[in-house]
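Single-letter residue listing:
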Amino acid sequence: MKVLLVNSTFGKRASGSGNHVYTLWKYLKHKIDFVVWHTGNIGYINLPKMKNFTFYFRAKLKEFPDVDIIHIHNPMLAGLFRKRKVNILTIHGDYRTEYRMKYGLLAKLITSYLDKHVMRADVVTCVSPYWAKLYGWQWIPNMVELDEISKIEPSEERYILFVGRDDPIKDYPLFRKIAEEAFRKYSIKSLALGPKRTDTEFLKHAKVSWEKVISYMKSAYALIITSKQEGIPSVLLEAWASGCPIIARNIPPIKVLADLYPASILLFQNINEALSKIEMILYGEAKHELVRNGLKAVKDFDAQKVANQYLELYKTLI
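Sequence order as written defines residue numbering, which begins from 1 separately in each chain. Where totals are concerned, whole chains, interfaces and linings use all residues; where local detail is concerned, this predicted model gives features only for residues with pLDDT of at least 70, and gives and counts side-chain atom pairs only at 80 or more. Calculated side-chain values reflect all of the structure's heavy atoms, with hydrogen atoms and water omitted.

**Some thoughts on the side chain of N142**
Logical step 1: Helix and strand assignments come from DSSP, with helices taken as H or I runs of at least 4 residues and strands as E runs of at least 2, each series counted from the N terminus. Here N142 is to be found in the loop between β6 (138-139) and α7 (146-150).
Logical step 2: What qualifies as a polar contact is a pair of N or O atoms within 3.5 Å, subject to a donor-acceptor requirement within protein and to the restriction that residues adjacent in sequence count only when both atoms come from side chains. A polar side-chain atom of N142 sits 2.8 Å from the main-chain carbonyl oxygen of I232.
Logical step 3: For N142, the side chain forms a polar contact with the side chain of S234, separated by 3.3 Å.
Logical step 4: In what follows, a contact means two residues having at least one pair of non-hydrogen atoms within 4.5 Å. Once residues within four sequence positions are removed from consideration, N142 is found in contact with H20, V127, I232, P233, S234, L237, F301 and V306.

Right, here's the structure in full:
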C-alpha cells in the first residue's frame, strides 16, 4: 500500500498538524510505503501568510506519484485530490470558524472555494470530536507520544503557563490579564512560551525546545488555554501526559472533551472565573483529581493507538 501524505509543515514539533503527520509517518512507516510532500521537498515563497498558498501551487505543478491513497492534512490543499485515487482529508479543527475569525467577510469566499474541493474526499476525518460530530466527519483524534514525555524531568521553576503561537486565535492578551491578576492576588508568576513580548514583574516570555516545554509543564501550577477556537490542542494532551492541571476557556470543542473525560479540565468564561479555578488548584483538592484523571484520559490519545486507527482506515478504503 502506497500513501501520499501532504502537509506543508511536516516535521517533528514543526507545528500541530506537522507534528501529527510526522508522528503518523513515524509509527506506520514500517507498514505503509509513504511519500511525503512538505515545504522541504516542494518549496514555497516566503511571503507573509502565503506559505500554504504558494506551497499548494508548487505542488500542483509537481509530477504526481503512483500511489493508492492521497492523505491531505489541510483543507487549503484539498485541490490536490485526484480522480481514481482514494482521497482522505484530515482536518485539525474547523476551517470555516477559524477563517471567519481571521479573515472576516473574505472568509466566505475562501470557504466556499475550499468546500468544493473538500467534497471530493472519500473520507474526511477530524481530530476534534466536537467538529467531527457537528459536520458528520469521522473522529480520529490528535495524538501524543507518551513514552517520549515520560522520559523528561520536571523543571525546578514553577509558573502558570501559556503555550502557543502569537496569534489572535490563541488570545495571548487574555492570558496576560489573567497572569497579572494571579500575581496581584496570589503572588505567583507566569510564563508565556511562544509570544515574543517584553517581560514584566508578573510574566516572563521565552521560546524553548519542546523538551523544555514539557519540563515546565511537569512543574507548573497549571496550563491556561485561552484559545477562541481549537480542535484538540496538542498542548492539552501534553499537559495531561505531564501531570499538569489544565484551566481552559469554555469553548465548545474543549467543553466536549471535558464532558468525555470528567474532572480532567477546569473551564472558565472570564478572568474572575479563571482566577477562581487557579485558587481551587492552589488551595483545594482540585489539582490531584485533575492530574489523576488527565493521566487516565490521555491513554486514549497515545500515538501508536491513534496511528493504528489510520491504518485500519487505509485498509478499509483499499
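**Notes on unusual backbone geometry**
Logical step 1: A positive phi angle, near 60°, is found at S187, a position not held by glycine.
Logical step 2: With respect to the helices and strands, the residue S187 is situated in the loop between α8 (172-186) and β8 (190-193).
Logical step 3: With relative accessibility at 58%, the residue S187 sits in the exposed group.
Logical step 4: Unusually for a residue other than glycine, A263 sits at a positive phi of about 60°. The buried label applies to any residue whose accessible area, calculated with a 1.4 Å probe on protein chains only, is under 20% of its type's maximum; exposed applies above 50%, and partly exposed to all values in between.

**Some points on the side chain of K170**
Logical step 1: Mapped onto the secondary structure, K170 falls in the loop between β7 (160-163) and α8.
Logical step 2: Relative accessible area serves as the criterion here: at 14%, K170 is assigned to the buried category.
Logical step 3: Residues contacting K170, with those up to four places away along its chain left out, are F162, R165, T226, S227 and E230.

**Here we look at the sheet that holds β8**
Backbone hydrogen bonds hold the strands of a sheet together, and the pairing may be parallel or antiparallel.
Logical step 1: Being paired, for any two strands, means DSSP has found at least two bridges between them. Strand order in the open sheet formed by 6 strands is β9-β8-β7-β10-β11-β12, with parallel pairing between adjacent strands. The sheet is open, and its two borders are formed by β9 (203-206) and β12 (266-268), each paired with just one other strand. Taking each pair of neighbouring strands and ignoring which way they run, the sheet shows an average axis angle of 25°.
Logical step 2: Where strand β11 (residues 246-249) meets β12, 3 bridges bridge the pair, whose relative direction is parallel. Residue pairing across strands places A248 opposite L267, the latter belonging to β12.
Logical step 3: Between the N-to-C directions of two axes lies an angle of 0 to 180 degrees, each axis being a line fitted to C-alpha atoms and, for a helix, fitted only over the stretch in contact. Taken strand by strand, helix α11 (residues 252-260) contacts β10 (222-225), β11 and β12, and its axis lies near 150° from that of β12.
Logical step 4: Here helix α12 (residues 271-283) sits on the sheet and contacts β7, β10, β11 and β12; the angle it forms with β12, its principal contact strand, is near 155°.

**Digging into a nonpolar patch on the surface**
Logical step 1: Here the term patch refers to residues with relative accessible area over 30% and no salt bridge, with like charges joined within 9 Å and nonpolar side chains (Val, Leu, Ile, Met, Phe, Trp, Tyr) within 5 Å. What sets the accessible areas is the Shrake-Rupley method with a 1.4 Å probe; for residues, cover comes only from the shown protein chains. For this document, the term salt bridge refers to a Lys or Arg side-chain nitrogen within 4 Å of an Asp or Glu carboxyl oxygen. Together, I45, L47 and M50 make up an exposed nonpolar region whose accessible area comes to about 260 Å².
Logical step 2: Judged by relative accessible area, which is 32%, M50 ranks as partly exposed.

**Details of helix α5 (residues 106-118)**
One turn of the α-helix equals 3.6 residues, which is why residues spaced by three or four share an orientation.
Logical step 1: Every helix has an expected span of 1.5 Å times one less than the residues it contains. The terminal C-alpha atoms of α5, which comprises 13 residues, lie 19 Å apart, in line with the 18 Å expected from a rise of 1.5 Å per residue.
Logical step 2: Of the residues making up α5, those classed as buried are A107, I110, T111, L114, H117 and V118. One face of α5 carries all of its buried residues, which in axial projection span an arc of 115°. Summarising the geometry of α5, the exposed residues directed more than 90 degrees from the buried face are K108, L109 and K116. In this description, the arc belongs to the directions extending from the helix axis to the C-beta atoms.

**Points about the packing of aromatic side chains**
Logical step 1: Classification of ring pairs rests on two measures: the distance between centres of Phe, Tyr or Trp rings, Trp counted by its six-membered ring, which must be within 6.5 Å, and the angle between planes, read as stacked under 30 degrees, edge-to-face over 60 and tilted in between. Counted by the stated rule, this structure contains 15 aromatic pairs.
Logical step 2: A centroid spacing of 5.8 Å and a plane angle of 80° characterise the contact between F162 and Y172, whose relative ring orientation is edge-to-face. Taken together, the positions of F162 in strand β7 and Y172 in helix α8 put the pair 10 residues apart, joining distant regions of the chain.
Logical step 3: The class of Y172 is buried, set by a relative accessible area of 1%.
Logical step 4: A connected cluster of aromatic rings, assembled from ring pairs, spans Y130, W131, Y135 and W137.
Logical step 5: Stacked on the ring of Y216, the Lys or Arg K212 has its end atom at 4.9 Å from the ring centre. Charge-over-ring contacts are defined here by two conditions on Lys NZ or Arg CZ: a distance within 6 Å of the ring centre and an angle within 35 degrees of the ring normal.

**A short note on the sheet that holds strand β2 (residues 33-37)**
Logical step 1: As summarised here, the arrangement of the 6 strands in space is β2-β1-β3-β4-β5-β6, forming an open sheet in which the pairing is parallel. Of all the strands in the sheet, the pair left with one neighbour each is β2 and β6.
Logical step 2: Where strand β3 (residues 69-72) lies against strand β4 (residues 86-91), 4 bridges are found, and the strand directions are parallel. From the neighbouring strand, I69 faces β4, where its bridge partner is V86.

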